Amino acid sequence: MQKIQIPVGWKIQRSTQVFTKNNVPSALLSHHNTAEGVYGQICVLEGVVTYFGFNNEHADTPDTEIVINAGQFALSPPQYWHRVELSDDARFNINFWSEPGRKTSKFINTSEQ
């Protein structure tokens, strides 16, 4: 995957609560992607989150693997299939970035939709 940058002027439209192994939504642990025009910013507060990116919805082998340690973040581009794995002590949240004024209630798509 090439270097990802959020376009200049885009804003955080929504931030999730802090997730742990005990409350992470199952959709984040399986194939999903961010919606068209939405970047996901995974911010790790404690522990480790490993991000696996896939060429498509049905791919089994990741083409990208990024280890995100506490104090770091990683970006997921719009409509890129991925999933995450958490260390036992992981705490993280996700910021969803898009163009100012974008109206959407849907920030991710799952392979089951």
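Residues numbered from 1 in each chain as written. Predicted model: local features only at pLDDT ≥ 70, side-chain atom pairs only at ≥ 80, totals over all residues. Heavy atoms only, no water.

Within an unreviewed UniProt entry, the label attached to the chain reads DUF1971 domain-containing protein, and the organism entered is Shewanella corallii.

**Remarks on the side chain of His31**
Mapped onto the secondary structure, His31 falls in the loop between helix 1 (26–29) and strand 2 (32–34). Within the structure, His31 has its side chain in polar contact with the backbone oxygen of Ala59 (distance 2.8 Å). (Helix = DSSP H or I, 4+ residues; strand = E, 2+ residues; numbered from the N terminus. Polar contact = N/O pair within 3.5 Å; in protein donor to acceptor, adjacent residues only side chain to side chain.)

**Section: unusual backbone geometry**
Its identity is not glycine, yet Gln79 carries a phi of approximately 60°, on the positive side. Within the secondary structure, Gln79 is located in the loop between strand 6 (73–76) and strand 7 (81–86). What makes Gln79 partly exposed here is its relative accessible area of 46%. (Buried < 20%, exposed > 50% of the residue type's maximum accessible area, 1.4 Å probe, protein only.)

**A word on the packing of aromatic side chains**
Applying the stated criterion to the full structure yields two aromatic pairs. Both rings, one in Trp10 and one in Tyr39, keep their centres 5.6 Å apart while their planes meet at 75°; by these two values the pair is edge-to-face. Here Trp10 is found in the segment before strand 1 (11–15), whereas its partner Tyr39 is found in strand 3 (residues 39–46), with 29 residues between them in sequence. Both residues of the pair, Trp10 and Tyr39, belong to the buried class. (Phe/Tyr/Trp six-rings, centres within 6.5 Å; stacked < 30°, edge-to-face > 60°.)

**Details of the environment of Val48**
With respect to the element layout, Val48 can be found in strand 4 (residues 48–54). Between the C-alpha atoms of Val48 and Arg91, which are 43 residues apart in sequence, the distance is 8.0 Å. Ignoring any residue separated from it by four or fewer positions in sequence, one finds Val48 in contact with Val67, Ile68, Asn69, Glu85, Leu86, Ser87, Asp89 and Ala90. (Contact = heavy atoms within 4.5 Å.)

**Considering the pairing of strand 7**
In terms of residue burial, strand 7 counts as a mostly covered element, since five of its six residues are buried. Taken together, the six bridges between strand 4 and strand 7 define a ladder with antiparallel strand orientation. Directly across from Phe54, in strand 7, lies its bridge partner Trp81. (Pairing = 2+ DSSP bridges.)

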